[in-house]
Amino acid sequence: MKIVEFNNEKKYVNDFLRLPKMLYSIEDNMENSEEIKKLLLGKHSLNKYFKLFKYILYDNSKVVGRFILTKYPKDNTIYIGFFECINNKEVAKVLFDYAEKKAKEKKASRIVGPVDASFWLKYRLKINLFDKRPYTGEPYNKSYYFDLFKDNGYKVIEHYTSNIYDVVGINYKNEKFEEHFRTFIDKGYVIKSPRIDEYDKTIERLYYLLTELYSDFPIYKNISVDDFLEIFKSYKLIINLNMVKMAYYKGELVGFFVSVPNYNNLVYHVNNPINLFKVLSLKKKPKEYVLLYMGASYEHRGLGKALASSITEELRVSKLPSIGALARDGKITQNYAEDLIETRYEYVLLEKKL
(Lines give C-alpha, C1' and ligand atoms only; values in the text may rest on other atoms or scores of the structure.)
Protein backbone atom coordinates (compact mmCIF):
# COMPACT_ATOMS: atom_id res chain seq x y z
CA MET A 1 0.00 0.00 0.00
CA LYS A 2 1.15 3.52 -0.75
CA ILE A 3 0.00 6.91 0.58
CA VAL A 4 0.23 9.91 -1.72
CA GLU A 5 0.15 13.50 -0.48
CA PHE A 6 -1.16 15.71 -3.26
CA ASN A 7 -1.96 19.32 -4.07
CA ASN A 8 -3.96 20.21 -7.20
CA GLU A 9 -3.03 17.30 -9.47
CA LYS A 10 -6.07 16.33 -11.56
CA LYS A 11 -5.57 12.56 -11.18
CA TYR A 12 -5.45 12.70 -7.38
CA VAL A 13 -8.32 15.15 -7.08
CA ASN A 14 -10.45 12.83 -9.20
CA ASP A 15 -9.37 9.75 -7.23
CA PHE A 16 -10.13 11.54 -3.95
CA LEU A 17 -13.66 12.36 -5.16
CA ARG A 18 -14.21 8.90 -6.61
CA LEU A 19 -13.91 6.91 -3.37
CA PRO A 20 -17.28 7.91 -1.80
CA LYS A 21 -19.01 6.95 -5.05
CA MET A 22 -17.52 3.47 -4.59
CA LEU A 23 -18.44 3.15 -0.91
CA TYR A 24 -21.96 4.64 -0.84
CA SER A 25 -25.13 4.04 -2.80
CA ILE A 26 -26.83 6.73 -4.86
CA GLU A 27 -29.28 7.26 -1.98
CA ASP A 28 -26.75 7.68 0.84
CA ASN A 29 -23.83 9.50 -0.79
CA MET A 30 -23.88 12.82 1.10
CA GLU A 31 -20.75 14.31 -0.45
CA ASN A 32 -21.15 17.46 -2.50
CA SER A 33 -18.32 16.76 -4.91
CA GLU A 34 -18.44 20.24 -6.45
CA GLU A 35 -17.90 21.91 -3.07
CA ILE A 36 -15.17 19.45 -2.08
CA LYS A 37 -13.40 20.02 -5.38
CA LYS A 38 -13.30 23.77 -4.67
CA LEU A 39 -11.70 23.05 -1.29
CA LEU A 40 -9.15 20.70 -2.82
CA LEU A 41 -8.20 23.30 -5.41
CA GLY A 42 -8.07 26.17 -2.88
CA LYS A 43 -11.02 27.98 -4.49
CA HIS A 44 -13.55 27.77 -1.64
CA SER A 45 -14.44 30.91 0.32
CA LEU A 46 -13.16 29.23 3.51
CA ASN A 47 -9.74 28.14 2.22
CA LYS A 48 -8.17 31.35 3.50
CA TYR A 49 -8.73 30.30 7.12
CA PHE A 50 -6.72 27.07 7.18
CA LYS A 51 -4.16 24.89 5.43
CA LEU A 52 -5.18 21.49 4.09
CA PHE A 53 -2.89 18.45 3.85
CA LYS A 54 -4.49 15.93 1.49
CA TYR A 55 -3.79 12.20 1.34
CA ILE A 56 -4.92 9.15 -0.68
CA LEU A 57 -4.07 5.52 0.08
CA TYR A 58 -3.62 3.12 -2.83
CA ASP A 59 -3.46 -0.67 -2.82
CA ASN A 60 -1.63 -1.19 -6.10
CA SER A 61 -3.64 1.19 -8.32
CA LYS A 62 -6.91 0.95 -6.37
CA VAL A 63 -7.99 3.77 -4.05
CA VAL A 64 -8.79 2.24 -0.64
CA GLY A 65 -8.70 5.22 1.72
CA ARG A 66 -8.34 8.97 2.04
CA PHE A 67 -8.26 11.79 4.59
CA ILE A 68 -7.36 15.45 5.01
CA LEU A 69 -5.56 17.09 7.92
CA THR A 70 -6.58 20.68 8.61
CA LYS A 71 -4.25 23.11 10.39
CA TYR A 72 -5.38 26.51 11.67
CA PRO A 73 -2.93 29.29 12.60
CA LYS A 74 -2.14 29.49 16.32
CA ASP A 75 -3.93 26.19 17.03
CA ASN A 76 -2.00 23.17 18.28
CA THR A 77 -4.85 20.83 17.31
CA ILE A 78 -4.86 19.05 13.95
CA TYR A 79 -8.29 18.15 12.58
CA ILE A 80 -8.80 14.94 10.60
CA GLY A 81 -11.66 14.91 8.14
CA PHE A 82 -12.96 13.79 4.76
CA PHE A 83 -12.11 10.34 6.09
CA GLU A 84 -13.21 7.45 3.91
CA CYS A 85 -11.95 3.89 4.02
CA ILE A 86 -12.88 0.42 2.81
CA ASN A 87 -13.97 -2.00 5.55
CA ASN A 88 -10.49 -3.23 6.36
CA LYS A 89 -8.72 -2.73 9.70
CA GLU A 90 -5.25 -3.00 8.18
CA VAL A 91 -6.03 -0.26 5.66
CA ALA A 92 -7.49 1.94 8.41
CA LYS A 93 -4.39 1.48 10.58
CA VAL A 94 -2.16 2.65 7.73
CA LEU A 95 -4.32 5.77 7.36
CA PHE A 96 -4.47 6.62 11.06
CA ASP A 97 -0.77 5.89 11.67
CA TYR A 98 0.19 8.19 8.81
CA ALA A 99 -2.16 10.91 10.07
CA GLU A 100 -0.54 10.69 13.50
CA LYS A 101 2.95 10.83 12.02
CA LYS A 102 2.11 13.95 10.01
CA ALA A 103 0.35 15.63 12.93
CA LYS A 104 3.41 15.12 15.13
CA GLU A 105 5.62 16.61 12.42
CA LYS A 106 3.41 19.69 12.58
CA LYS A 107 3.92 19.88 16.38
CA ALA A 108 0.25 19.15 17.14
CA SER A 109 -0.71 18.09 20.65
CA ARG A 110 -3.81 16.18 19.55
CA ILE A 111 -5.93 15.13 16.58
CA VAL A 112 -9.69 15.82 16.65
CA GLY A 113 -12.22 14.49 14.19
CA PRO A 114 -13.97 13.87 12.07
CA VAL A 115 -13.93 17.53 11.03
CA ASP A 116 -14.21 18.31 7.34
CA ALA A 117 -11.98 21.40 7.49
CA SER A 118 -14.47 23.66 9.26
CA PHE A 119 -17.25 23.93 11.82
CA TRP A 120 -19.19 25.62 9.01
CA LEU A 121 -18.97 22.63 6.65
CA LYS A 122 -19.33 19.25 8.38
CA TYR A 123 -18.14 17.52 11.53
CA ARG A 124 -19.11 14.63 13.88
CA LEU A 125 -19.34 10.87 13.33
CA LYS A 126 -22.68 9.05 13.05
CA ILE A 127 -22.83 5.92 15.25
CA ASN A 128 -26.35 4.44 15.01
CA LEU A 129 -29.53 4.00 12.92
CA PHE A 130 -27.81 3.20 9.65
CA ASP A 131 -30.96 1.52 8.38
CA LYS A 132 -32.49 4.96 7.76
CA ARG A 133 -31.74 7.10 4.74
CA PRO A 134 -29.59 10.13 5.70
CA TYR A 135 -31.44 13.40 6.18
CA THR A 136 -30.45 16.82 4.88
CA GLY A 137 -27.64 18.26 6.99
CA GLU A 138 -26.71 14.94 8.58
CA PRO A 139 -23.01 14.07 9.00
CA TYR A 140 -23.12 10.63 7.42
CA ASN A 141 -20.53 7.86 7.22
CA LYS A 142 -20.12 4.10 7.00
CA SER A 143 -21.33 2.16 10.05
CA TYR A 144 -17.89 0.61 10.72
CA TYR A 145 -16.03 3.93 11.01
CA PHE A 146 -16.67 4.30 14.76
CA ASP A 147 -14.86 1.02 15.44
CA LEU A 148 -11.99 2.05 13.15
CA PHE A 149 -11.49 5.30 15.07
CA LYS A 150 -11.65 3.56 18.46
CA ASP A 151 -9.33 0.74 17.36
CA ASN A 152 -6.73 3.38 16.49
CA GLY A 153 -6.72 5.13 19.85
CA TYR A 154 -9.45 7.78 19.48
CA LYS A 155 -11.68 8.62 22.45
CA VAL A 156 -15.11 10.26 22.45
CA ILE A 157 -14.99 13.87 23.71
CA GLU A 158 -18.43 15.10 22.63
CA HIS A 159 -21.79 13.43 22.07
CA TYR A 160 -24.76 14.74 20.08
CA THR A 161 -28.27 13.54 19.28
CA SER A 162 -30.95 14.20 16.68
CA ASN A 163 -34.53 13.57 17.75
CA ILE A 164 -36.96 11.88 15.39
CA TYR A 165 -40.37 13.47 16.13
CA ASP A 166 -43.79 12.07 15.37
CA VAL A 167 -46.46 14.16 13.65
CA VAL A 168 -47.87 16.88 15.91
CA GLY A 169 -51.50 15.85 16.37
CA ILE A 170 -54.38 18.28 16.05
CA ASN A 171 -55.09 17.96 19.78
CA TYR A 172 -51.45 18.07 20.92
CA LYS A 173 -50.62 20.63 23.59
CA ASN A 174 -47.31 21.58 25.13
CA GLU A 175 -48.33 23.86 27.95
CA LYS A 176 -44.75 24.90 28.75
CA PHE A 177 -44.08 25.98 25.15
CA GLU A 178 -47.39 27.82 24.88
CA GLU A 179 -46.91 29.58 28.23
CA HIS A 180 -43.47 30.81 27.19
CA PHE A 181 -44.83 32.01 23.85
CA ARG A 182 -47.60 34.05 25.49
CA THR A 183 -45.21 35.46 28.09
CA PHE A 184 -42.70 36.71 25.55
CA ILE A 185 -45.33 38.14 23.23
CA ASP A 186 -46.89 39.98 26.20
CA LYS A 187 -43.47 41.46 26.98
CA GLY A 188 -43.23 42.97 23.50
CA TYR A 189 -41.24 40.32 21.65
CA VAL A 190 -42.06 39.74 17.99
CA ILE A 191 -41.72 36.21 16.58
CA LYS A 192 -42.24 35.98 12.85
CA SER A 193 -41.11 34.38 9.60
CA PRO A 194 -39.00 36.62 7.33
CA ARG A 195 -40.30 37.62 3.92
CA ILE A 196 -38.30 36.54 0.89
CA ASP A 197 -37.21 40.14 0.24
CA GLU A 198 -35.86 40.27 3.82
CA TYR A 199 -33.83 37.07 3.52
CA ASP A 200 -30.38 38.56 2.86
CA LYS A 201 -30.70 41.17 5.59
CA THR A 202 -32.05 38.59 8.05
CA ILE A 203 -29.17 36.16 7.38
CA GLU A 204 -26.66 38.97 7.94
CA ARG A 205 -28.22 39.77 11.32
CA LEU A 206 -28.28 36.06 12.10
CA TYR A 207 -24.51 35.89 11.62
CA TYR A 208 -23.85 38.15 14.61
CA LEU A 209 -26.18 36.20 16.88
CA LEU A 210 -24.71 32.85 15.81
CA THR A 211 -21.22 34.18 16.47
CA GLU A 212 -22.28 35.02 20.03
CA LEU A 213 -24.02 31.70 20.68
CA TYR A 214 -21.67 29.23 18.99
CA SER A 215 -18.32 30.66 20.06
CA ASP A 216 -17.98 28.15 22.92
CA PHE A 217 -18.56 25.08 20.72
CA PRO A 218 -15.58 22.66 20.71
CA ILE A 219 -14.25 23.30 17.18
CA TYR A 220 -15.79 26.70 16.46
CA LYS A 221 -13.73 29.10 14.34
CA ASN A 222 -14.98 32.56 13.44
CA ILE A 223 -15.40 33.60 9.81
CA SER A 224 -16.27 36.93 8.24
CA VAL A 225 -19.84 37.99 7.61
CA ASP A 226 -19.19 37.95 3.85
CA ASP A 227 -18.03 34.33 3.95
CA PHE A 228 -20.98 33.39 6.16
CA LEU A 229 -23.37 34.93 3.61
CA GLU A 230 -21.62 33.05 0.81
CA ILE A 231 -22.13 29.73 2.60
CA PHE A 232 -25.77 30.33 3.50
CA LYS A 233 -26.96 31.95 0.27
CA SER A 234 -27.89 28.53 -1.14
CA TYR A 235 -30.43 28.04 1.67
CA LYS A 236 -32.59 30.68 0.02
CA LEU A 237 -33.39 28.23 -2.76
CA ILE A 238 -34.38 25.29 -0.53
CA ILE A 239 -35.96 26.88 2.52
CA ASN A 240 -39.68 27.28 3.28
CA LEU A 241 -39.83 30.57 5.14
CA ASN A 242 -42.92 29.65 7.17
CA MET A 243 -40.66 27.11 8.92
CA VAL A 244 -38.11 29.79 9.79
CA LYS A 245 -38.82 31.94 12.85
CA MET A 246 -36.94 35.01 13.99
CA ALA A 247 -37.47 36.63 17.40
CA TYR A 248 -37.00 40.38 17.87
CA TYR A 249 -36.98 42.54 20.96
CA LYS A 250 -37.00 46.31 20.52
CA GLY A 251 -35.98 45.78 16.89
CA GLU A 252 -32.97 43.60 17.71
CA LEU A 253 -32.69 39.97 16.56
CA VAL A 254 -32.44 37.88 19.75
CA GLY A 255 -33.49 34.39 18.67
CA PHE A 256 -33.95 32.11 15.68
CA PHE A 257 -35.29 28.73 14.57
CA VAL A 258 -34.26 27.55 11.10
CA SER A 259 -35.79 24.49 9.44
CA VAL A 260 -35.67 23.01 5.93
CA PRO A 261 -37.63 20.29 4.17
CA ASN A 262 -35.87 16.95 4.30
CA TYR A 263 -34.39 16.52 0.84
CA ASN A 264 -32.24 13.60 2.03
CA ASN A 265 -29.08 13.84 -0.12
CA LEU A 266 -30.68 15.41 -3.20
CA VAL A 267 -29.43 18.94 -2.47
CA TYR A 268 -25.82 17.71 -2.67
CA HIS A 269 -26.30 16.46 -6.23
CA VAL A 270 -28.34 19.16 -7.98
CA ASN A 271 -26.00 19.07 -10.99
CA ASN A 272 -28.28 16.17 -11.95
CA PRO A 273 -31.42 17.73 -13.53
CA ILE A 274 -33.64 14.94 -12.18
CA ASN A 275 -32.46 15.65 -8.63
CA LEU A 276 -33.03 19.37 -9.12
CA PHE A 277 -36.60 18.67 -10.18
CA LYS A 278 -37.10 16.47 -7.10
CA VAL A 279 -35.74 19.24 -4.86
CA LEU A 280 -38.14 21.79 -6.29
CA SER A 281 -41.03 19.34 -5.90
CA LEU A 282 -40.15 18.59 -2.27
CA LYS A 283 -39.86 22.28 -1.50
CA LYS A 284 -43.50 22.69 -2.56
CA LYS A 285 -44.71 19.50 -0.87
CA PRO A 286 -42.30 18.34 1.87
CA LYS A 287 -42.68 14.94 3.47
CA GLU A 288 -40.68 15.83 6.59
CA TYR A 289 -38.82 18.79 8.08
CA VAL A 290 -35.32 19.01 9.53
CA LEU A 291 -35.05 21.45 12.43
CA LEU A 292 -31.47 22.54 11.81
CA TYR A 293 -30.59 25.56 13.95
CA MET A 294 -32.13 27.07 17.06
CA GLY A 295 -30.79 29.60 19.52
CA ALA A 296 -31.60 32.58 21.68
CA SER A 297 -29.42 35.28 23.18
CA TYR A 298 -28.28 34.49 26.70
CA GLU A 299 -30.00 37.63 27.98
CA HIS A 300 -33.39 36.27 26.88
CA ARG A 301 -33.64 33.04 28.84
CA GLY A 302 -36.64 30.90 27.94
CA LEU A 303 -37.09 32.39 24.48
CA GLY A 304 -36.12 29.08 22.87
CA LYS A 305 -39.32 27.46 24.15
CA ALA A 306 -41.37 30.33 22.71
CA LEU A 307 -39.69 29.82 19.32
CA ALA A 308 -40.30 26.07 19.59
CA SER A 309 -43.98 26.77 20.25
CA SER A 310 -44.19 28.76 17.03
CA ILE A 311 -42.51 25.99 15.01
CA THR A 312 -44.68 23.33 16.69
CA GLU A 313 -47.77 25.17 15.48
CA GLU A 314 -46.43 25.17 11.91
CA LEU A 315 -45.76 21.43 12.19
CA ARG A 316 -49.30 20.87 13.46
CA VAL A 317 -50.71 22.66 10.41
CA SER A 318 -48.43 20.78 8.00
CA LYS A 319 -49.20 17.37 9.60
CA LEU A 320 -45.61 16.33 8.93
CA PRO A 321 -42.98 14.59 11.10
CA SER A 322 -39.65 16.25 11.83
CA ILE A 323 -36.07 15.70 12.94
CA GLY A 324 -34.54 17.95 15.60
CA ALA A 325 -30.97 17.93 14.38
CA LEU A 326 -27.64 17.64 16.16
CA ALA A 327 -28.09 18.90 19.72
CA ARG A 328 -25.01 18.73 21.90
CA ASP A 329 -25.28 16.83 25.19
CA GLY A 330 -26.31 19.12 28.01
CA LYS A 331 -28.22 21.55 25.81
CA ILE A 332 -31.87 21.97 26.79
CA THR A 333 -32.96 21.55 23.17
CA GLN A 334 -32.06 17.85 23.39
CA ASN A 335 -35.22 17.19 25.35
CA TYR A 336 -37.71 19.58 23.75
CA ALA A 337 -41.14 17.93 23.28
CA GLU A 338 -39.95 14.64 24.78
CA ASP A 339 -43.42 13.14 24.48
CA LEU A 340 -43.16 13.34 20.66
CA ILE A 341 -39.71 11.73 20.37
CA GLU A 342 -39.80 8.33 18.66
CA THR A 343 -36.05 7.61 18.73
CA ARG A 344 -32.68 9.35 18.54
CA TYR A 345 -29.78 9.41 16.14
CA GLU A 346 -26.38 9.61 17.86
CA TYR A 347 -23.12 11.27 16.83
CA VAL A 348 -19.71 11.78 18.40
CA LEU A 349 -16.59 13.89 18.11
CA LEU A 350 -13.33 12.08 18.86
CA GLU A 351 -9.82 12.93 19.98
CA LYS A 352 -6.41 11.32 20.05
CA LYS A 353 -3.77 12.93 22.21
CA LEU A 354 -0.24 12.90 20.85
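Here is what the cut-offs are and how they apply
- Residues numbered from 1 in each chain as written.
- Predicted model: local features only at pLDDT ≥ 70, side-chain atom pairs only at ≥ 80, totals over all residues.
- Heavy atoms only, no water.
- Patch = residues over 30% accessible without salt bridge, like charges linked within 9 Å, V, L, I, M, F, W, Y side chains within 5 Å.
- Areas by Shrake-Rupley, 256 points an atom, 1.4 Å probe, with all protein chains shown as cover.
- Salt bridge = Lys/Arg side-chain N within 4 Å of Asp/Glu carboxyl O.
- Helix = DSSP H or I, 4+ residues; strand = E, 2+ residues; numbered from the N terminus.
- Buried < 20%, exposed > 50% of the residue type's maximum accessible area, 1.4 Å probe, protein only.
- Expected span 1.5 Å × (residues − 1).
- Contact = heavy atoms within 4.5 Å.
- Polar contact = N/O pair within 3.5 Å; in protein donor to acceptor, adjacent residues only side chain to side chain.
- Pairing = 2+ DSSP bridges.

**Describing a nonpolar patch on the surface**
Together, Val270, Leu276 and Leu280 make up a nonpolar patch on the protein surface, roughly 230 Å² of accessible area in all. Here Leu276 is to be found in helix α9 (residues 273-284).

**A short note on the pattern of salt bridges**
The tally for this structure, following the rule as stated, stands at 22 salt bridges. Among the salt bridges present, the one from Asp151 reaches Lys89, with a minimum N-O distance of 3.7 Å. Pair noted here: Asp151 is in helix α4 (residues 145-151) and Lys89 is in helix α3 (residues 89-105), with a separation of 62 residues, a long-range link. The class of Asp151 is partly exposed, set by a relative accessible area of 48%. Exposure remark for Lys89: the relative accessible area of 62% places this residue in the exposed category. Taken together, the salt bridges that share partners define one network made up of Lys11, Asp15 and Arg18.

**So, α9**
Three or four residues apart is the spacing at which side chains of an α-helix point the same way, because the helix has 3.6 residues per turn. End to end, α9 covers 17 Å across twelve residues, agreeing with the expected 16 Å (1.5 Å per residue, within 8%). The elements touched by buried residues of α9 are α8 (235-238) and β10 (252-261). For α9, the side-chain oxygen to backbone nitrogen distance between the N-cap and Ile274 is 2.8 Å, and the N-cap itself is Asn272.

**Some thoughts on the pairing of strand β4 (residues 77-85)**
Both faces of the sheet carry side chains from a regular strand, because those side chains alternate between them. Where burial is concerned, most of β4 is hidden: nine out of the nine residues are buried. Of the pairings in the sheet, the one linking strand β3 (residues 62-71) to β4 comprises six bridges and is antiparallel in character. When the sheet's bridge partners are listed, Leu69 is paired in β4 with Ile80. Linking β3 to β4, which pair antiparallel, is a turn of five residues; within it Lys74 sits at a positive phi near 60 degrees. The sheet contact formed by β4 and strand β5 (residues 110-113) spans three bridges and is parallel. Bridging from a neighbouring strand, Tyr79 pairs with Val112 of β5.

**Overview of the pairing of β3**
For β3, the tally of buried residues reaches eight of ten residues, placing the bulk of the element in the interior. Two strands pair when backbone bridges link them, and strand β2 (residues 51-59) and β3 are joined in this way by nine bridges, in the antiparallel orientation. Bridged to Leu57 within β3 is Gly65. Between β2 and β3, which pair antiparallel one after the other, the connecting turn spans two residues, and Asn60 there sits at a positive phi close to 60 degrees.

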